[in-house]
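Here's the letter readout for the chains.
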Amino acid sequence: MKKMFFAFLALFLTFAVSSCSDDDGMSYQVSNVKIKLVYPADSKVQPSAGVEVKLKNVSAGSVFNQLTDQAGIAVFQVPQGLYEASASDKRVEGAAVIQYNGLNSAVTVGPSDSEAEIQLVASAGASVVIKELYVGGCPKDDGSGVFATDQYVTLYNNSTETLDLSDYALAMVNPFNAHGSNNDYVNGALFYAQDGWIPAGVAVWYFQKEVLLKAGEQLVIAMSGAIDHTGTYSKSVNLANKDYYCFYDTEDFNNPNYYPSPFEGIPVENYLKAYKYGLGNAWPLSQFSPAFFVFRPQGTDLKSFVEDPATTNNYNGKPEMGRKKVPVEWIVDGVEVFCKGKPDNKKRLLSSVDAGSVEFTRGMGYTVYRNVDKEATEAIAENEGKLVYNYSLGVEGSTDPSAIDAEASIKNGAKIIYKDTNNSSADFHMRSKAALRN
């Protein structure tokens, strides 16, 4: 009897290794796939062990993680299908910190063992980062729908020095939604990748005055409705603050639903103005899945850049869908947002800007919030006894892995260093309520 039992057990284990089962009880085959990290030829960086590689099933959304060996290769055993592979590797080179990011969105796992590569691209970490992006609105109190003209973004000085943001500009990619059609893909790749630019749609926004941001401080910009919305919609935000900035340029965008007269306490010089080159009476920042970025012109000024015909690219060849070709090296920070639950999301930011994405659910009052760099934050001696843990505001399976409650810690006098790997998959999570509601 024992022999029969062990024979059955061996047969069962053999079957378990060679196949897996899904929730419906149907078996599926798994195969080995090797993912190799390829560093830029001119970087002189050698592969190393311990770099995390993520493999995401495009249709199912399931994510697998493995670490590289000494040769820079991660080995996975996963079900057959189409996958997206991504990786980030931070290296210290002299006095600089360089981030190597890469994405391969066409990894096919078939019945036989296979191999694929991730071509890594170097980029320097930004000192000014997008701390929070609130774009999806909140439920109306009467349950009749969603209120979403209360969008804002918070920029944060992640460095140890006062920084000048005066010549920064804010932009978004057209196509506006990650899950919509995207004609920029040619043979499975973004055609503008080879030329190293990002398409800024409709208009770019700029500051009217000198803007100095001290280390560890933030700047809130109301991108629509710079007023207190909470009296009408209790789950919305109060954007009526004299220290805030706001989008307000009625010569270019005069839709009063998006741009009511700002709170009178906000100085006129805190209004951001727009250079417009597309159509519409409001800046159509996606409520579902924007690709949002901040950039700083180099070797020219913003006005000259916008007015230069050579910097124009019309989406689908339509002048009304005007875009500006922002060089990748100008981009200070960016975040790629995907619509949660949509299998057809497509990347718009290049890997050198953002090698990943963060999923987002519209209409619930949620925000996209940057994760805390636990090691760097805990290393600040003055933070001892001030950091608040047991963070609980992540939602829908998304959270800050550091477990540090950044907002509560800041109120407690702590200095927060936010994670900045140029990979939104690692740098951001979905937060259950806006930080401005705390």
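A quick note: this is a predicted structure, and the numbers were derived from the prediction, not measured. (Residues numbered from 1 in each chain as written. Predicted model: local features only at pLDDT ≥ 70, side-chain atom pairs only at ≥ 80, totals over all residues. Heavy atoms only, no water.)

Considering the overall build of the protein chain
For the protein chain, the count of helices and strands is five helices and 30 strands. Its C-alpha atoms give the protein chain a radius of gyration of 23 Å, near enough to 22 Å, the size a compact globule of 438 residues would have. Each principal axis of the C-alpha distribution contributes one length, and for the protein chain these read about 85 × 50 × 50 Å. Classification of the 438 residues of the protein chain by burial places 49% in the buried group. Across the protein chain, contacts joining residues at least 24 apart in sequence account for 72% of those joining residues at least 6 apart. Accessible surface for the protein chain amounts to roughly 20,200 Å². Of this, 51% is attributable to carbon and sulfur atoms. (Helix = DSSP H or I, 4+ residues; strand = E, 2+ residues; numbered from the N terminus. Rg over C-alpha atoms; globule rule 2.2 N^0.38 Å. Buried < 20%, exposed > 50% of the residue type's maximum accessible area, 1.4 Å probe, protein only. Contact = heavy atoms within 4.5 Å. Areas by Shrake-Rupley, 256 points an atom, 1.4 Å probe, with all protein chains shown as cover.)

A word on the pairing of strand 29 (residues 367–370)
Of the two faces of strand 29, the one carrying Thr367 and Tyr369 and the one carrying Val368 and Arg370 are both buried. Two strands pair when backbone bridges link them, and strand 29 and strand 30 (residues 428–431) are joined in this way by four bridges, in the antiparallel orientation. Directly across from arginine 370, in strand 30, lies its bridge partner phenylalanine 428. (Pairing = 2+ DSSP bridges.)

Concerning the packing of aromatic side chains
Using the criterion set out here, one finds 23 aromatic pairs in the structure. Here tyrosine 156 and tyrosine 418 contribute two aromatic rings whose centre-to-centre distance is 4.8 Å and whose plane-to-plane angle is 85 degrees, an arrangement assigned as edge-to-face. Taken together, the residues span a long stretch of sequence, with tyrosine 156 in strand 13 (residues 152–157) and tyrosine 418 in the loop between helix 4 (406–411) and helix 5 (424–427) at a distance of 262 residues. By relative accessible area, tyrosine 156 is classed as buried at 2%. Ring centres of tyrosine 258 and tyrosine 259 lie 6.2 Å apart, and the angle between their planes is 40 degrees; on these two criteria the pair is classed as tilted. On the basis of relative accessible area, tyrosine 259 is assigned to the buried category, the value being 5%. (Phe/Tyr/Trp six-rings, centres within 6.5 Å; stacked < 30°, edge-to-face > 60°.)

Remarks on the sheet that holds strand 13
Overall, mixed pairing links the 12 strands, which are arranged 28-27-24-15-19-23-22-21-13-10-29-30 in an open sheet. Both outer strands of the open sheet, strand 28 (358–360) and strand 30, are each paired with one neighbouring strand and no more. Geometrically, the sheet is characterised by an average inter-axis angle of 25 degrees between neighbouring strands, direction not taken into account. Strand direction decides the pairing type here: strand 22 (residues 245–247) and strand 23 (residues 271–276), joined by two bridges, are parallel. (Axes fitted to C-alpha atoms, helices over the stretch in contact; angles between N-to-C directions.)

Focus: the nonpolar core
Most often, soluble globular proteins keep nonpolar side chains buried together rather than apart. In terms of nonpolar packing, the biggest core is built from 57 residues, with Ile221, Trp283 and Phe292 touching the most fellow members. Excluding residues that lie within four positions of it along the chain, isoleucine 221 makes contacts with Gln151, Tyr152, Val153, Leu155, Leu170, Phe207, Tyr245, Cys246, Phe247 and Leu272. Core analysis: the second largest hydrophobic core is formed by 23 residues, Ala169, Val173, Trp197 and Val326 among them. (Core = buried A, V, L, I, M, F, W, Y, C linked by side-chain atoms within 4.5 Å.)

Section: the confidence of the model for the protein chain
Across the protein chain, the average pLDDT comes to 91, with 92% of residues at 70 or higher. Segment residues 1–26 is flagged for pLDDT under 50; beyond a separation of four residues in sequence, or across chains, it makes 14 contacts in the model. (pLDDT = per-residue confidence, 0-100.)

Quick look at the side chain of asparagine 270
Relative to the helices and strands, asparagine 270 resides in the loop between strand 22 and strand 23. Given a relative accessible area of 4%, asparagine 270 falls into the buried group. A polar contact of 2.8 Å, which involves the side chain of asparagine 270, links it to the side chain of lysine 209. The contacts of asparagine 270, once residues within four sequence positions are left out, are Lys209, Lys242, Asp243, Tyr244, Tyr245 and Cys246. (Polar contact = N/O pair within 3.5 Å; in protein donor to acceptor, adjacent residues only side chain to side chain.)

Brief notes about the pattern of salt bridges
A complete count under the given rule lists 13 salt bridges for this structure. Here aspartate 333 makes a salt bridge to arginine 370, at a shortest N to O gap of 2.7 Å. Note that aspartate 333 is positioned in strand 27 (residues 331–339) and arginine 370 in strand 29, a separation of 37 residues in sequence. The class of aspartate 333 is buried, set by a relative accessible area of 4%. (Salt bridge = Lys/Arg side-chain N within 4 Å of Asp/Glu carboxyl O.)

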